[in-house]
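Observations on the three-dimensional arrangement
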Amino acid sequence: MDITIVSLSEDSICISINNADDYKLLLRIFQVNDKQEIFYVQIADKDFKSRLDILDSLDKRYRRLKANLNGIPNGTKYLVLPNYYEDSIELINLKNQVFKINNLEIDSSIMLIPDKIRQFSSKYWVRVYEGDGKAQSFGVVDKFDRVCRFCNRSMPDVSFAHKSHAITEALGNKSLICREECDECNERFSRTIEPHITNMHSFLLSFYCVKGKNGVKKVKGRNFKLSIDKSNETAGDIDTICIQYDGLINDSDDIKSIINNITLDTSSLTFIPQNVYKCFCKYVISVLDNKYLPNFQKTINWINEEPTRPIKLPPIYSYNNPDHLSGPTMLICIRKSDDYNSPYCIAVLTIVNKSYIYILPFSSQDKYRFVNPKKQDLFKRIVKQWLDHPGISLISLASPNRTYTSINLNGEVEQGCQLGKDYFIKKKKENQ
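All of the points below concern the structure found in this document. These numbers were taken from a predicted model, which means no experiment stands behind them.

Concerning the sheet that holds strand S16 (residues 345–351)
The six strands are arranged S5-S15-S16-S17-S14-S18 in an open sheet whose pairing can be described as antiparallel. Because the sheet does not close on itself, it has two edges, and the strands there are strand S5 (124–130) and strand S18 (393–395). With direction set aside, neighbouring strand axes in the sheet form an average angle of 20°. Bridge analysis of strand S14 (residues 316–320) against S18 gives three bridges, and the strand direction is antiparallel. Within S18, the residue paired with Ile316 across the bridge is Ile395.

Comments concerning the environment of Arg381
With respect to the helices and strands, Arg381 occurs in helix H12 (residues 373–386). Classification of Arg381 as partly exposed rests on a relative accessible area of 48%. C-alpha of Arg381 to C-alpha of Ser342: the two residues are 39 residues apart in sequence and 10.0 Å apart in space.

A few points about the pattern of salt bridges
Summed over all chains, the structure comprises 15 salt bridges. The salt bridge partner of Glu86 is Arg127, with a shortest N-O separation of 4.0 Å. Highlighted residues: Glu86 in the loop between strand S4 (77–82) and helix H4 (88–101) and Arg127 in strand S5, separated in sequence by 41 residues. Across the pair, Arg127 and Glu86 agree in class, each one buried. When salt bridges that share partners are traced, they join Asp53, Asp56 and Lys66 into one network.

Quick notes on the pairing of S14
S14 sits mainly inside the fold: four of its five residues count as buried. Across four bridges, S14 lies against strand S17 (residues 354–359) in antiparallel orientation. Across the sheet, Tyr317 pairs through a bridge with Ile357, a residue of S17.

Here we look at the sheet that holds strand S2 (residues 13–16)
A sheet is described by the order of its strands in space; here four strands give the open sequence S2-S1-S4-S3, paired in antiparallel fashion. Only two strands of the sheet have a single neighbouring strand rather than two, namely S2 and strand S3 (41–43). Ignoring which end each strand starts from, the neighbouring axes of this sheet average 25° apart. With three bridges joining them, S3 and S4 adopt antiparallel strand pairing. Residue pairing for S4: Gln42 is matched across the bridge by Tyr78. Docked against the sheet, helix H3 (residues 60–70) engages strand S1 (2–6) and S2, running at close to 155° with respect to S2. Each of S1, S3 and S4 touches H4; the most contacted strand, S4, lies at about 145° to it.

Cut-off values and rules
Residues numbered from 1 in each chain as written. Predicted model: local features only at pLDDT ≥ 70, side-chain atom pairs only at ≥ 80, totals over all residues. Heavy atoms only, no water. Pairing = 2+ DSSP bridges. Helix = DSSP H or I, 4+ residues; strand = E, 2+ residues; numbered from the N terminus. Axes fitted to C-alpha atoms, helices over the stretch in contact; angles between N-to-C directions. Buried < 20%, exposed > 50% of the residue type's maximum accessible area, 1.4 Å probe, protein only. Salt bridge = Lys/Arg side-chain N within 4 Å of Asp/Glu carboxyl O. Contact = heavy atoms within 4.5 Å.

In structure tokens form, the structure reads like this:
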């Protein structure tokens, strides 16, 4: 039996009760009716907090539960619900109920999902994952019981000694960890597909100072190095873009002309678009509940394929956000019904300020692949219903061929920018 507790605490609490004896002990903690059914609404009063000592007689899992229940604000009302609630929209609605029964205004900070996406809660299970939020680990806790999601092997054939980030750490993910990715698969992905997504977004990650495993990454091309100098932040919240350029610069030109005439050689920053799509899908597989994984076995097989081959894939929609994030955010939607005109799984991944809406291909729960024009149009209509964004664009990440990372330095430069005041040119010292 599963129980979900929603309170004024930041996170909901989920309990899996393994046997009847444990359930009887829990009944002694909560208020119950004559039929020994737990009341929907409870109060975190002194009596409730004192009854939590009952949990000391159970295993470690329940001692962690005691700490979480003790964290419910004293004297406040909270909800105890049968079943496990994992849908973000349902949890937000329940959180709103908690605010109401405590006579509090709804906290706008919990309203993380756009209203238009909320409209699809009848059709899709929705969950949000934040790479810079509270630490979350996905999969079985005991290493000896783990099965790798990507190669289907377990100990002793493989090991689970290293921390596997559910979303590439270089994208700013510090919070989301996949327990069920073995060390061998983790090393292979870090060598084969993950460098492609970091190369594709290298300028964005550097420009917005996103911290990866080794801090903020510098962008290095054939004839330049680009980094951000934050030493002036205390003097007025100003960042300085530093470009070490090996080409010729005419000192007499103004800064706008200099920037427009710089040709950055990014031929060393290559990526294969289809490997980026594979990363997008790997991130979803890494955080999904195990009950969904059998529906994506063909997706996993495709992610594992080496080398990448020509294949038809669904289109991806992309748009820019006005604000940037220090870590990636991912929204996953799983279809609840057998409406095959809607993809079984749609995800929205945001990296810094760029969002991608994509389908997880090859699911056994999809009747169509959404690769022909008619089916692509169905997906387009869903996206347009969800997101009325003027800058949304259609992109393809199906190509198995290498392409160069694009870096666009053209931008608005304020008039009157002066050499020696607003920008500086430092020349390399010639060898004597």
